[in-house]
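Here's the letter readout for the chains.
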Amino acid sequence: MATIYKKLKMMREKAGLRQGQIADYLGVTQTFISKVETGERNLTVDQLESVVNLYGYSLAEFADMVEEPHPIQFAFRAQDVSQEDLRIIADIGKIVINSRFMAKALEEKHVG
């Protein structure tokens, strides 16, 4: 599978977001995000968690990902997404993550 920075770029592009939008969301510059996506710079763990939550993944899922990522699809024009919109989407992403975790736990309980 692709390196972390390639996964991040792929997820951003699949979600239809621009580097500048992710930069605003994280409180960094667009240049910084560009360098992250080329492997020249690294995100902090908190920044990485914020980004992968935005796409509906936990850090563990993101780290273990062996196939192409499939981020949450946004049902609106990504060009019009504000920083506050991204924060709300990230909160929804956390709900998705928790829902998948609970479904898996219940499935394992019924199987085991």
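Residues numbered from 1 in each chain as written. Predicted model: local features only at pLDDT ≥ 70, side-chain atom pairs only at ≥ 80, totals over all residues. Heavy atoms only, no water.

K.L.:
Any details on helix α6 (residues 83–111)? Residues and values, ideally.
P.N.:
Between the first and last C-alpha of α6 there are 42 Å, a value that for 29 residues agrees with the 42 Å anticipated at 1.5 Å per step. Every buried residue belonging to α6 is among Leu-86, Ile-89, Ala-90, Gly-93 and Ile-97, and all of these are buried. Packed against the buried residues of α6 are α2 (19–26), α4 (45–54) and α5 (59–64). (Helix = DSSP H or I, 4+ residues; strand = E, 2+ residues; numbered from the N terminus. Expected span 1.5 Å × (residues − 1). Buried < 20%, exposed > 50% of the residue type's maximum accessible area, 1.4 Å probe, protein only. Contact = heavy atoms within 4.5 Å.)

K.L.:
Help me get a handle on the packing of aromatic side chains, residues and values and all.
P.N.:
Summed over the entire model, instances satisfying the criterion amount to zero aromatic pairs. Taking NZ or CZ as reference, Lys-7 lies 4.8 Å from the ring centre of Phe-62, over its face. (Phe/Tyr/Trp six-rings, centres within 6.5 Å; stacked < 30°, edge-to-face > 60°. Lys NZ or Arg CZ within 6 Å of the ring centre and 35° of its normal.)

K.L.:
Any chance you could break down the pattern of salt bridges for me, citing the residues and the numbers?
P.N.:
By the definition in use, this model includes two salt bridges. For Arg-12, the salt bridge is made with Glu-13, and the minimal N-O distance between the two is 4.0 Å. Glu-37 is the salt-bridge partner of Arg-12, the closest N and O atoms lying 2.6 Å from each other. Remark: Glu-37 occurs in helix α3 (residues 30–37) and Arg-12 occurs in helix α1 (residues 4–15); sequence separation between them is 25 residues. For the pair shown, Arg-12 and Glu-37 are each scored as buried. Each of Arg-12, Glu-13 and Glu-37 takes part in a single network of salt bridges with overlapping partners. (Salt bridge = Lys/Arg side-chain N within 4 Å of Asp/Glu carboxyl O.)

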